[in-house]
Amino acid sequence: RVTVQRCRFFGSMSSGVLLEGPVESLTIRNCGVTGSTSGIRFAGGAIAKKILIDHCSFRNQIDAGLLFDAMPGEGAGDLVWRNCLFAGAAKAELLIAKGYDANKFNSLMSADKPVENNWSDRKIVKPVNGERDVLGNGGSRVPAIQFEATAATAELFLVAKAGEPYKTAGIKAK
């Protein structure tokens, strides 16, 4: 049982957070990731159970804000991502890179509001193979997501600009 809270991950790295082994009861809240290949990455076959990604901001990921190298392993489930912002995602907000099975992945989602109030500024021309929609109830695509600050040292790093329709998502200001 781990909580990662109010962390900033920035710069050219493969992922802000990499989960390689079995993970049970992980919460990632009020974290921001910018300039990486993926924001939060689950290694191939990782058993991810009781995962909550809440009020996080992802900016300029090369692959995806949330990346599963392959379908989660047997025993995974209760996956939730809510109140997140995805700005400048090149391929997808959430991507399952290998062996994506939509029905099986849907069965891994939490029964209680697994996906809601997520926003993205990525234009979809043609969905990417393995892409999973993460917008959910209350979320939407907008032309651009604007932040109060994008410098990692700024107090309002990756906090949604006040007055925007997505201001309830992403990192919350202290």
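Our subject is the structure that appears above.
An account of the accompanying structure is given in this report. The residue count restarts for each chain, going from 1 along the sequence in the order it is written. Side-chain atom pairs in this predicted model are given and counted only at pLDDT of 80 or more, local residue features only at pLDDT of at least 70, and totals for whole chains, interfaces and linings cover all residues. Where side-chain values are given, they derive from all heavy atoms of the structure, hydrogens and water being excluded.

Focus: the sheet that holds strand 3 (residues 15-19)
At least two DSSP bridges between two strands are needed for those strands to be called paired. We count a stretch as a helix when DSSP gives it H or I for four or more residues in a row; a strand needs E for two or more, and each element gets its number in order from the N terminus. Here we have 4 strands laid out as an open sheet, ordered 3-6-9-12, and parallel in their pairing. Looking at the sheet topology across the chains shown, the edges are occupied by strand 3 and strand 12 (92-96). Recorded for the sheet is a direction-independent mean angle of 10° between the axes of neighbouring strands. Direction of pairing for strand 9 (residues 64-68) relative to strand 12: parallel, over a ladder of 4 bridges. Lines fitted to C-alpha atoms define the axes, with helix axes restricted to the stretch in contact, and inter-axis angles between N-to-C directions lie between 0 and 180 degrees.

A few points about unusual backbone geometry
Although it is not a glycine, Lys50 adopts a positive phi angle of roughly 60°. Even without being a glycine, His55 presents a positive backbone phi close to 50°. Along the chain, His55 falls in the loop between strand 7 (48-54) and strand 8 (57-59).

Regarding a positive patch on the surface
Each patch groups residues whose relative accessible area exceeds 30% and which form no salt bridge, using 9 Å between like charges and 5 Å between nonpolar side chains of Val, Leu, Ile, Met, Phe, Trp and Tyr. All accessible-area figures derive from a Shrake-Rupley calculation using a 1.4 Å probe, and residue coverage is judged against the displayed protein chains alone. We define a salt bridge as a side-chain nitrogen of Lys or Arg found within 4 Å of a carboxyl oxygen belonging to Asp or Glu. Residues scored as charged are limited to Lys and Arg (positive) and Asp and Glu (negative), so that His and the chain ends carry no count. In plain terms, the charge of a residue is placed at NZ if it is Lys, CZ if Arg, CG if Asp and CD if Glu. A contiguous patch of positive charge on the surface is contributed by Arg6, Arg8, Lys172 and Lys174. Structurally, the position occupied by Lys172 is in the segment after strand 15 (140-141). Exposure categories follow from relative accessible area, calculated using a 1.4 Å probe and restricted to protein chains: below 20% of the type maximum is buried, above 50% is exposed, and the middle band is partly exposed. You can call Lys172 partly exposed: its relative accessible area is 44%.

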